[in-house]
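Here is how the chains run, residue by residue.
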Amino acid sequence: MEFYGEFQLALIITIILALVGIALLYGGAKFLVVGASNIAISLGISKLVVGLTVVAIATGSPELLVSLFATIKGSDTISVGNIIGSNIINTLLILGISLLISPIKPDKRLHKIELPIMLIASVLLAIFVSYGEIPRWGGAILVAGMIATMWIQIKLRHTLGRPQNEEKKEKTWIQILWIALGAILLVFGSKLFIESAIAIAKTFSIPNSVIAVTLVALGTSLPELATCIYSARNSHPDLTMGNLIGSNIFNIFGVLGICALVYPLDISSKALQTDSYILLATAIILFFMMKLKKQLSWGSGIFLLLLYVGYTISII
């Protein structure tokens, strides 16, 4: 009886910690989106560019930390698998949920710049996975791709062209602090939630394989999920699309590039080869969806969510 009481208390505490994690995710998403939106207006830069760069890198920090730590510990498969899984989740699950909340009218410039870059990154990843490793020279190519992407996004996109006054210039650093605070809350919130969720799942004897392909895979994508849901609810479609596409590019070029520069990545898992092809397929699907449709709505969201459910079931 005493053991049962302790079990209940531990479960309640774990659930409370999970709820605290959700609260941190929401708060972090709010600070990040509001800060990014304000800094875009202040500096005369489009919200899409901010989403593709600042927001994407901020929400991609958990992927970088997890993959880098996995690489240092010699778990190359986890490092690469984390990126492949996160990108699939970004495209199918997170965008699907965002579209159920609010429709998105695709920015046609994405077809000329970021979507082709995302396709190139996905193709390169599939080639490296088929090759069986990402050597240091491969990491250098990926990092160079990230630098080139950042330059293209900043230099070749049109700004809003609004002159900023001195008051807005002085407030820019405040918005940067909001963005930094939001990123920190997202990282800690996602860590707290995923650890609590795994503890709850193990309490009810859910198999580790199921936990791995659901909770763990989703864990590093929680910042993107929280940010995109908040952006969709508050009518910031450019931040939503910029965050997702920018994160997918950053994950491959930035995260895997840095990891491969630290230690060459040995990729011998055949399952990862299949997953890399699935990732490439999701990138192609997104490209044509945004090219052929004037507006992505709930129908497109349901389609993407069904693809994610099918993918998850196939893994389990």
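Owing to the predicted nature of the structure, the values given are computational and were not obtained by experimental measurement.

Asks: Just checking my understanding: could you explain the overall build of the protein chain for this structure?
Replies: Helix and strand content of the protein chain: twelve helices and two strands. Written out in order from the N terminus, the α and β elements of the protein chain read α-α-α-α-α-β-α-α-α-α-α-β-α-α. A buried classification covers 50% of the 316 residues belonging to the protein chain. Expressed as a percentage of contacts within the protein chain between residues at least 6 apart in sequence, the contacts between residues at least 24 apart total 86%. With an accessible surface of roughly 14,900 Å², the protein chain has 71% of that area assigned to carbon and sulfur atoms.

Asks: In this structure, what is going on with the environment of L279? I would like to understand it.
Replies: With respect to the helices and strands, L279 occurs in helix 11 (residues 270-292). For L279 and G85, which are 194 residues apart along the polypeptide, the C-alpha to C-alpha distance reads 8.1 Å. In this structure, L279 is in contact with I84, N87, I88, S122, L125 and I252, ignoring residues within four places of it in sequence.

Asks: When you look at the nonpolar core in this model, what are you seeing that I'm missing?
Replies: Ranked by size, the top nonpolar core spans 72 residues in total, and within it V80, L125, I134 and I245 carry the most contacts. Here the element with the most residues in this core is helix 10 (residues 237-262); it accounts for twelve residues. If near-sequence neighbours (up to four positions away) are discounted, I134 is found in contact with L125, F128, G139, L142, L256, A260, P264, L265 and I267.

Asks: What should I look at first to understand a nonpolar patch on the surface in this one?
Replies: A surface patch of nonpolar side chains, about 520 Å² in accessible area, is lined by L65, F69, I72, I258, V262 and Y263. In terms of residue count, the dominant contributor to the nonpolar patch is helix 3 (residues 61-72) (three residues). Looking at the secondary structure, you find V262 in helix 10.

Asks: I would appreciate a short explanation of the packing of helix 2 (residues 47-59) against helix 3 in the present structure.
Replies: Describing two packed helices takes the angle between their axes plus the distance from one axis to the other. Closest axis-to-axis distance for the helix 2/helix 3 pair is 4 Å, and the angle between their directions is 45°. Classified by the angle between their axes, helix 2 and helix 3 sit oblique to one another. Contact residues: helix 2 offers I57, A58 and T59, while helix 3 offers S61, P62 and E63. Taken together, the residues that form the contact of helix 2 with helix 3 break down as three nonpolar, two polar and one charged.

Asks: Sorry if this is basic, but what is going on with helix 2 here?
Replies: Residue pairs spaced three or four apart in an α-helix point in one direction, given the helix's 3.6 residues per turn. The end-to-end C-alpha distance of helix 2 is 16 Å, clearly below the 18 Å that 13 residues give at a rise of 1.5 Å each. At T53, helix 2 shows its maximal kink, close to 25°. The buried count for helix 2 comes to ten of 13 residues, which makes it a mostly enclosed element. All of the buried residues in helix 2 are L48, V49, V50, G51, L52, T53, V55, A56, A58 and T59.

Asks: Looking at this structure, I do not really get the packing of aromatic side chains. What am I missing?
Replies: We describe a pair of aromatic rings using the distance from one ring centre to the other and the angle between the two ring planes. Enumeration according to the criterion identifies two aromatic pairs in this entry. Aromatic pair F287 and F288: ring centres 5.4 Å apart, planes at 90°, arrangement edge-to-face. Take F288: its relative accessible area is 42%, and that puts it in the partly exposed class.

Asks: What should I look at first to understand helix 4 (residues 76-101) in this one?
Replies: Look at helix 4: 36 Å from first C-alpha to last across 26 residues, which is about the 38 Å you get at 1.5 Å a residue. Across the 26 residues of helix 4, 20 count as buried, placing the element largely inside the fold.

Asks: I'm lost on the environment of T203 in this one. Help?
Replies: Assignment of secondary structure puts T203 in helix 7 (residues 166-203). Accessibility expressed as a relative area gives 32% for T203, which makes it partly exposed. Counting along the chain gives 192 residues from T203 to L11, while the straight-line C-alpha distance between them is 8.0 Å.

Asks: Looking at this model, I keep getting lost on a positive patch on the surface. Mind explaining?
Replies: A cluster of basic side chains, namely K105, K108, K291 and K294, defines a positive patch on the protein surface. For K105, the location among the structural elements is in the loop between helix 4 and helix 5 (114-131).

Quick notes on the rules
- Residues numbered from 1 in each chain as written.
- Predicted model: local features only at pLDDT ≥ 70, side-chain atom pairs only at ≥ 80, totals over all residues.
- Heavy atoms only, no water.
- Helix = DSSP H or I, 4+ residues; strand = E, 2+ residues; numbered from the N terminus.
- Buried < 20%, exposed > 50% of the residue type's maximum accessible area, 1.4 Å probe, protein only.
- Contact = heavy atoms within 4.5 Å.
- Areas by Shrake-Rupley, 256 points an atom, 1.4 Å probe, with all protein chains shown as cover.
- Core = buried A, V, L, I, M, F, W, Y, C linked by side-chain atoms within 4.5 Å.
- Patch = residues over 30% accessible without salt bridge, like charges linked within 9 Å, V, L, I, M, F, W, Y side chains within 5 Å.
- Salt bridge = Lys/Arg side-chain N within 4 Å of Asp/Glu carboxyl O.
- Axes fitted to C-alpha atoms, helices over the stretch in contact; angles between N-to-C directions.
- Parallel < 35°, antiparallel > 145°, perpendicular 65-115°, else oblique.
- Nonpolar A, V, L, I, M, F, W, Y, C, P; charged D, E, K, R; others polar.
- Expected span 1.5 Å × (residues − 1).
- Bend = angle between axes of the 7 residues up to and from the residue.
- Phe/Tyr/Trp six-rings, centres within 6.5 Å; stacked < 30°, edge-to-face > 60°.
- Lys, Arg positive; Asp, Glu negative; His and termini not counted.
- Charge placed at Lys NZ, Arg CZ, Asp CG, Glu CD.

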